[in-house]
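# What the coordinates show
Here's the letter readout for the chains.
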Amino acid sequence: MVTEDEAMRRAIALAARGLGTTSPNPVVGCILLDGDGEIVGEGFHAYAGGPHAEIVALAQAGNRARGGTAIVTLEPCNHTGRTGPCSQALINAGIRRVVIAVDDPTPVAAGGSVTMRAAGVQVETGVRRLEATEGNIAWLTAVRRGRPYVTWKFAATLDGRSAAADGTSQWITSAPARSDVHVLRGTVDAIVAGVGTVIADDPQLTVRDLKDGTLAIKQPLRVVVDSDGRTPEKARVKDAAAPTWIATRRELGAGPDGRVDLNALLAALFGRGIRSVLLEGGPTLAGAFLEAGLVDQVIGYVAPKLLGAGKAALVDAGVATIGDAIELDLKDIAQIGPDLRFTAALRQKEG
């Protein structure tokens, strides 16, 4: 027998399997319990246009779903898009009770709870809401703000250097940390870098298995922020390994700093179905994103090394005095090989 709380934890873990492949849809997990509290079906939303988590779980459960309970991380949808409404599918399957972690904030899909209650289904919401929200934070933030959720990732020495005085930067962090970055890349829809980093380091910006160099099947969109179109024709970001967009000032207009308008960039990415962005490479570009208030999360890989000189990991984020410091709320600290990885959310200013 499984409790509803335990089932929700399992559903949240299942939902995470869809990270990086479901956009513009959310990640969702679903567990079906029979009348005795035994798991008879489970599923997660694997890719946009594919069956929703509830439909996968119902197919697995068959007739055993009748009279049971559905545990779902996000309110079952109430509309017909590329698939039918999950709320009606649960009703048709004879589900007696539905437990939901997070209400759907989108007007087009919300309302599943109302529909199910009207059909006599017991509905409870808010179970493990905070945990489920964190697991779906990119999508939830994107649909509420109309722009992708932005994570700035950087690697630096203990004294904040991303390269030595002679410009060398490979490798500041260890192989385990670099492998961890590729796992992180696999959870996002797009990777963004500045043209300066592309010219200096010629990164490929792909998701790879570092043991054998093989490319992952699903690759994020590569985006080069390049005001004047200086990306070299032979740059690795232009190879066939993944799709690439060279975002120029001519196409998007100029922001306050005269470079590519970052708000327009994110709006354009949102229009392309991008809900999560990993900002990589370029201390100047990172500073511009931070100054514009467009970073939601920071993930830093810090190596136990000291350089004392060289390129800083961050350049000019618009902070002139300590009172203007950009404050972060630490969410997680982990040791990855010899390095430390910290994850922090940008603290929202009041008012």
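About the criteria used
Residues numbered from 1 in each chain as written. Predicted model: local features only at pLDDT ≥ 70, side-chain atom pairs only at ≥ 80, totals over all residues. Heavy atoms only, no water. UniProt positions renumbered as here; feature names shortened; annotations may be inferred. Core = buried A, V, L, I, M, F, W, Y, C linked by side-chain atoms within 4.5 Å. Buried < 20%, exposed > 50% of the residue type's maximum accessible area, 1.4 Å probe, protein only. Helix = DSSP H or I, 4+ residues; strand = E, 2+ residues; numbered from the N terminus. Contact = heavy atoms within 4.5 Å. Phe/Tyr/Trp six-rings, centres within 6.5 Å; stacked < 30°, edge-to-face > 60°. Lys NZ or Arg CZ within 6 Å of the ring centre and 35° of its normal.

By the naming in an unreviewed UniProt entry, the protein goes by Riboflavin biosynthesis protein RibD and is assigned to Paractinoplanes ovalisporus. Its UniProt record gives the protein a comment under Function (unreviewed entry), which states: "Converts 2,5-diamino-6-(ribosylamino)-4(3h)-pyrimidinone 5'-phosphate into 5-amino-6-(ribosylamino)-2,4(1h,3h)-pyrimidinedione 5'-phosphate."

### Focus on the nonpolar core
Burial of nonpolar side chains together is a common tendency in soluble globular proteins. By size, the foremost hydrophobic cluster in this structure holds 37 residues, and its most contacted members are Met8, Leu32, Leu58, Ile95, Val98 and Met116. Those elements that provide at least two residues to this core are helix H1 (4-15), strand E1 (29-33), helix H2 (53-61), strand E3 (69-74), helix H3 (86-92), strand E4 (97-102) and helix H6 (137-145). Non-local contacts of Met8, meaning those with residues more than four positions away in its chain, are made with Ile71, Val72, Thr73, Val99, Ile100, Ala101, Val127 and Arg128. Listed in part, the 31 residues of the second largest apolar core include Val223, Leu266, Leu294 and Ala313.

### Quick word on unusual backbone geometry
For the bond running from Ser23 to Pro24, omega is 10°, close enough to zero to count as cis. The residue Pro24 is located in the loop between H1 and E1 in this model. Notably, Arg128 is not glycine yet its phi reads approximately 55°, a positive angle. Within the secondary structure, Arg128 is located in the loop between strand E5 (122-125) and helix H5 (129-135). Even without glycine at this site, Leu205 takes up a positive phi of about 55°. Turning to its location among the elements, Leu205 is positioned in the loop between helix H8 (195-201) and strand E8 (221-225).

### A few points about the packing of aromatic side chains
The final tally for this structure, using the stated rule, is 2 aromatic pairs. Both rings, one in Phe154 and one in Phe342, keep their centres 6.0 Å apart while their planes meet at 65°; by these two values the pair is edge-to-face. Placement of Phe154 in strand E6 (residues 149-157) and of Phe342 in strand E13 (residues 339-346) is noted, with a sequence separation of 188 residues between them. With relative accessibility at 14%, the residue Phe154 sits in the buried group. Through pairs of rings, three or more aromatic residues link up here, namely Trp152, Phe154 and Phe342. If you follow Arg272 out to its NZ or CZ, it ends over the ring of Trp245, 4.1 Å from the centre.

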